[in-house]
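Single-letter residue listing:
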Amino acid sequence: MLFNSIPYLILFALTYLIYWNIPQKGRKPLLVVSSLIFYAYFSFPFLFHFLLVILVNYAFSEWMFRKKEKSENHNSVLYTIVVLNVLNLAFFKYFYFITDSLYSLTGYPSFKEIAGSWSIFLPLAISFYTFQIIAVQVDIHRGIIEKRMSTVDYFLFILFFPQLIAGPIMRSQDFLPQLDHPTIDQDRMKKGIFLIIGGLFKKVIIAENIAPIISPLYLDPAKYDSFSIFFSVLAFAIQVYCDFSGYTDMARGSANLLGYEIPENFQGPFFSQSFRELWSRWHITLSSWLRDYIYIPLGGSKGSIFRSNLNSFITMCLGGLWHGANWAFVLWGAYLGALIWIERSLYLHRGKKKFIPDTFPLAGIIRTIVIFIVFTFSGVFFRAAARGAESLNVAYEIFKGVLTLRNTGDTLSRVDELPTFIALGLMFNWFQYSPFVYEKLKPFQNILLPILSVVILLLLGIFGDGGQDFIYFQF
């Protein structure tokens, strides 16, 4: 059930109308039921698996609370449930990756036979809800969650349908305090509708128009010229941004209309002037999760500079693996981890000075452009992963095509449209980076909302209903 689909519109409209016309005590159960319907629409059988995962985790949460109340050591309870969650994720997401890697390393045919004898399907949203559930267990252990949650609250926190499939990855402190006090007013309603309209535009008009233009490149990159490859690389970064931030906007807008605030996942990342700043603005809830639950437990920035950089590099590699069971995703994480390592080393070596001093003409603009372009090339690994076993060869051909500056070969059809879509994506990026536009337009909301609603409906009619899955649904 895509946000940009009729079934979601029907489900949300019915939920919304009932929700605000019943007492508060009935609202949370209603949201749980709506969330179950939302997930069951994708896969009814996997709904039972998902519910079992939540039930097991709820039982362990209660067990940990009882241990804490008796002042008993509860480390073993935490370790057990974290391992169980990781094993559940590993079985469904990494079984074939592990067996294929072992076969490649050892050549033993038994690994290939084992893989061939199983048919494993990936449960929807397993990566996102696994991280969210693990965070709950760790937060109980650390004392961040001090009070027991009711069964309904626990289930709703994990199942809440606006953010269920692709995040944002919520923390207990983000959502639990709001559960008993959803609030709605005109400003929140208008903000929610603005977010939904903006998210639809980013997803349907930008992301879904970039996708078919650049897709042929990843089937045979060796046949295209460097011009086509370069703009396709830039455009894919914009596609991912508009697709995922568009999803987040629609999730946040839906939550606003139900009286809740959920975290922002993007804050104008393409205007960052360092890679560390970029990762504080890109997929924020995942970045902060990796920091709090992997980087800091590894030692964080304590110890030597080398150890700190190594912890960061390992965290980024694991973050890459979280995205998908393919070595291309690991290399994507390694590429980004290496950039942060290099940047931090240069930063410290130069006495905490920027790599392009502010005294240099247009220094800020140059830094932003360099960071943007270098970051977009990480997307080569990300997009090539869709080719499975051929992913690394595809990535190699794309890097080779750009670096050799070849002007021979085919020019990608409709490549001349990509600069327009890139500019539109950067425009929305600027809207997030600076609140200036929203604040200036706020007094005119009553005029703009109906106009923008009609415009987006007309554009949906022209460009289609946006039936493609969101990119992050595969994770």
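This one's a predicted model, so the numbers in the text were calculated from it and none came from an experiment. For every chain, the first residue of its written sequence is number 1, and the numbers climb from 1 along that sequence. Local features in this predicted model are restricted to residues whose pLDDT is 70 or higher, and side-chain atom pairs enter the listing and the counts only when it is 80 or higher, whereas totals over whole chains, interfaces and linings include all residues. The side-chain figures draw on all heavy atoms in the structure; neither hydrogens nor water molecules are used.

### Details of the layout of surface pockets
And step 1. Both cavities and pockets are sets of points on a 1 Å grid over the protein atoms alone; in a cavity a 1.4 Å probe fits but cannot get out, in a pocket the set is open with protein on both sides within 12 Å along at least five of seven lines, and lining residues sit with an atom within 4 Å of a point. Grid points are joined across faces, edges and corners, and a volume is the space filled by probe spheres set on the points. Considered as a void within the structure, the largest pocket measures approximately 790 Å³ in volume.
And step 2. Surrounding the largest pocket, 26 residues form its lining, Phe194, Leu195, Phe428, Phe431 and Tyr438 being those nearest its centre.
And step 3. Only DSSP runs of H or I with at least four residues qualify as helices, and only runs of E with at least two residues qualify as strands; both kinds are numbered from the N terminus onward. Breaking the lining of the largest pocket down by element, the ones donating at least two residues are helix H9 (186-214), helix H10 (226-257), helix H18 (418-433), helix H19 (436-441) and helix H20 (445-463).
And step 4. Among the elements that take part in the lining of the largest pocket, H9 stands out by supplying seven residues, more than any other.
And step 5. Note on residue classes: Ala, Val, Leu, Ile, Met, Phe, Trp, Tyr, Cys and Pro are nonpolar, Asp, Glu, Lys and Arg are charged, and everything else, Gly too, is polar. Taken together, the residues of the lining of the largest pocket break down into 16 nonpolar, four polar and six charged.
And step 6. A volume near 660 Å³ is recorded for the second largest pocket.
And step 7. Contributing to the lining of the second largest pocket are 22 residues, with Phe3, Tyr8, Leu9, Ile196 and Leu200 lying nearest its centre.
And step 8. Secondary structure elements with two or more residues in the lining of the second largest pocket: helix H1 (6-19), H9, H10 and H20.

### Points about the side chain of Ser172
And step 1. Among the structural elements, Ser172 can be located in helix H8 (residues 172-175).
And step 2. Contacts between residues were defined by any pair of non-hydrogen atoms, one from each residue, lying within 4.5 Å. Setting aside residues no more than four positions away along its own chain, Ser172 makes contact with Asp139, Ile144, Ile145, Phe157 and Pro177.

### With respect to empty space enclosed by the protein
And step 1. Taken as a whole and judged by the stated rule, the model has two cavities of 30 Å³ or more.
And step 2. When its volume is computed, the largest cavity comes out at roughly 100 Å³.
And step 3. Around the largest cavity, the lining is made up of 11 residues, and of these Val240, Trp282, Trp332, Phe375 and Gly379 lie nearest the centre.
And step 4. Residue contributions to the lining of the largest cavity peak at three residues, all from H10.
And step 5. Residue composition of the lining of the largest cavity, grouped by class: eight nonpolar, three polar and no charged.
And step 6. Of the voids in this model, the second largest cavity is the one considered here, and its volume is about 40 Å³.
And step 7. Together, Phe128, Tyr129, Gln132, Ile158, Gln163, Leu164, Gly167 and Pro168 line the second largest cavity.
And step 8. A total of three residues in the lining of the second largest cavity trace back to one element, the largest contributor, which is helix H6 (residues 126-142).

### Remarks on the pattern of salt bridges
And step 1. Any carboxyl oxygen of Asp or Glu that lies within 4 Å of a side-chain nitrogen of Lys or Arg is treated as forming a salt bridge with it. For the structure shown, the criterion picks out 17 salt bridges.
And step 2. Salt bridges linked by common partners bring Lys28, Asp153 and Asp180 together as one network.

### Quick word on the packing of aromatic side chains
And step 1. Centres within 6.5 Å are what make two rings of Phe, Tyr or Trp a pair, Trp counting through its six-membered ring; a difference in plane orientation under 30 degrees is then read as stacked, over 60 as edge-to-face, and the rest as tilted. Evaluation of the coordinates by the stated rule reveals 56 aromatic pairs.
And step 2. Here the aromatic rings of Phe12 and Phe161 are separated by 6.5 Å at their centres, their planes lie at 65 degrees, and the arrangement is edge-to-face. Separated by 149 residues along the polypeptide, Phe12 in helix H1 and Phe161 in the loop between helix H7 (151-159) and H8 bring together distant segments of the chain. The pair formed by Phe12 and Phe161 is uniform in burial state, with each residue classed as buried.
And step 3. Their ring planes at 10 degrees and their centres at 3.7 Å tell us that Phe131 and Trp289 sit as a pair that is stacked. Remark: Trp289 occurs in helix H12 (residues 284-298) and Phe131 occurs in helix H6; sequence separation between them is 158 residues.
And step 4. The ring of Tyr19 carries Arg27 above its face, with NZ or CZ at 5.4 Å from the centroid.
And step 5. We call a charge positioned above a ring when the Lys NZ or Arg CZ atom is no farther than 6 Å from the ring centre and deviates by at most 35 degrees from the ring normal. Between the NZ or CZ atom of Arg383 and the centre of the ring of Tyr218, over which it lies, the distance is 4.6 Å. A 1.4 Å probe rolled over the protein chains alone gives each residue an accessible area, and that area as a share of the maximum for its type sets the label: buried under 20%, exposed over 50%, partly exposed in between.

### Some details on unusual backbone geometry
And step 1. Within the chain, Ser71 stands out as a residue other than glycine whose phi angle is a positive 60 degrees.
And step 2. You can see Ser71 is positioned in the loop between helix H3 (44-69) and helix H4 (75-106).
And step 3. The class of Ser71 is exposed, set by a relative accessible area of 69%.
And step 4. With phi around 45 degrees, His283 is a residue other than glycine that occupies positive phi space.
And step 5. Following the sequence through the fold, His283 ends up in the loop between helix H11 (275-279) and H12.
And step 6. Note on His283: relative accessible area 1%, which makes it buried.

### Section: the domain arrangement of the protein chain
And step 1. Residue ranges for the domains originate in an automatic or database domain assignment. We note that the domain assignment places domain 1 (6-184) and domain 2 (187-473) within the protein chain.
And step 2. The C-alpha-based centres of domain 1 and domain 2 are spaced at 26 Å.
And step 3. With 39 residues of domain 1 at the contact, the number on the domain 2 side is 35 residues.
And step 4. Throughout, buried area stands for the accessible area (probe radius 1.4 Å) lost by two parts on being put together, summed over both. Interface area for domain 1 against domain 2, summed over the two sides, is near 3,300 Å², with a carbon-plus-sulfur share of 66%.
And step 5. Between the two partners, domain 1 and domain 2, sit one salt bridge.
And step 6. Residue Arg171 is joined to Asp292 by a salt bridge in which the shortest nitrogen-to-oxygen separation is 3.0 Å.
And step 7. Any N or O atom pair separated by 3.5 Å or less is treated as a polar contact, with the protein-specific requirement of one donor-capable and one acceptor-capable atom, and with residues adjacent in sequence counted only for side-chain atom pairs. Put simply, domain 1 and domain 2 have 19 residue pairs in polar contact (both at pLDDT 80 or more) between them.
And step 8. Mapped onto the side of domain 1 that touches domain 2, the elements with two or more residues apiece are H1, helix H2 (24-42), H4, H6 and H8.
And step 9. In terms of residues, the side of domain 1 that touches domain 2 owes the most to one element, H6, which gives eight residues.
And step 10. Residue classes in the side of domain 1 that touches domain 2 are distributed as 28 nonpolar, six polar and five charged.

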